[in-house]
Amino acid sequence: MNVTGGQPAPPEAQDSKLARWLVVAVLCAILVAACVLGYLGWTSTDTSVPASGYVALVLGVVFSLVVGVGLMALVFYSSRKGYDEPVVLIREPESDPDDGQSGPR
């Protein structure tokens with residue numbers, strides 16, 4: 001391990017690229033496995049879906065999209081209007097004892 005000025009040297013670029021490709025490969029393998037299992041699950045039965053099932057499926061997808069788009073619109077709106085800014089403490093002015101409003105001395 002190379003040490004420069006008490007700090008460890010950054011990882012080599014080659015190690016970083018290898019790690020990225022390894023992560024991409026694992027995620028692709030998971031995607032392929034999910035697609036294969038989905039296909040096998042879809043074609044493993046001869047049961048047909050009634051029309052009401054397809055209507056429910058379409059309504060669920062549309063409702064989910066409407067909720068997702070609405071929430072994202074609210075996120076953008078609140079970000080543009082400044083509602084996402086960090087809180088700033090505004091201190092009240094301290095009362096001055098010599099302002100003539102205090103009681104007898």
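As the structure is a computational prediction, the values presented were derived from the model and not from experiment.

(A) Main features of the side chain of Ser78. Summarising the element assignment, Ser78 is placed in helix α2 (residues 51–80). Beyond its immediate chain neighbours, meaning those up to four positions away, Ser78 contacts Tyr83 and Asp84.

(B) Summary view of α2. Compared with the 44 Å implied by 1.5 Å per residue over 30 residues, the 43 Å span of α2 between its first and last C-alpha is a close match. Just downstream of α2, Gly82 is the residue with a positive phi angle, here 90°.

(C) Seen up close, a nonpolar patch on the surface. A cluster of nonpolar side chains, contributed by Trp42, Val49, Tyr54, Leu57, Val61 and Leu65, occupies part of the molecular surface with about 680 Å² of accessible area. Broken down by element, the nonpolar patch gets its largest block of residues, four residues, from α2. Within the secondary structure, Val49 sits in the loop between α1 (13–43) and α2.

Basis of the calculations
- Residues numbered from 1 in each chain as written.
- Predicted model: local features only at pLDDT ≥ 70, side-chain atom pairs only at ≥ 80, totals over all residues.
- Heavy atoms only, no water.
- Helix = DSSP H or I, 4+ residues; strand = E, 2+ residues; numbered from the N terminus.
- Contact = heavy atoms within 4.5 Å.
- Expected span 1.5 Å × (residues − 1).
- Patch = residues over 30% accessible without salt bridge, like charges linked within 9 Å, V, L, I, M, F, W, Y side chains within 5 Å.
- Areas by Shrake-Rupley, 256 points an atom, 1.4 Å probe, with all protein chains shown as cover.
- Salt bridge = Lys/Arg side-chain N within 4 Å of Asp/Glu carboxyl O.

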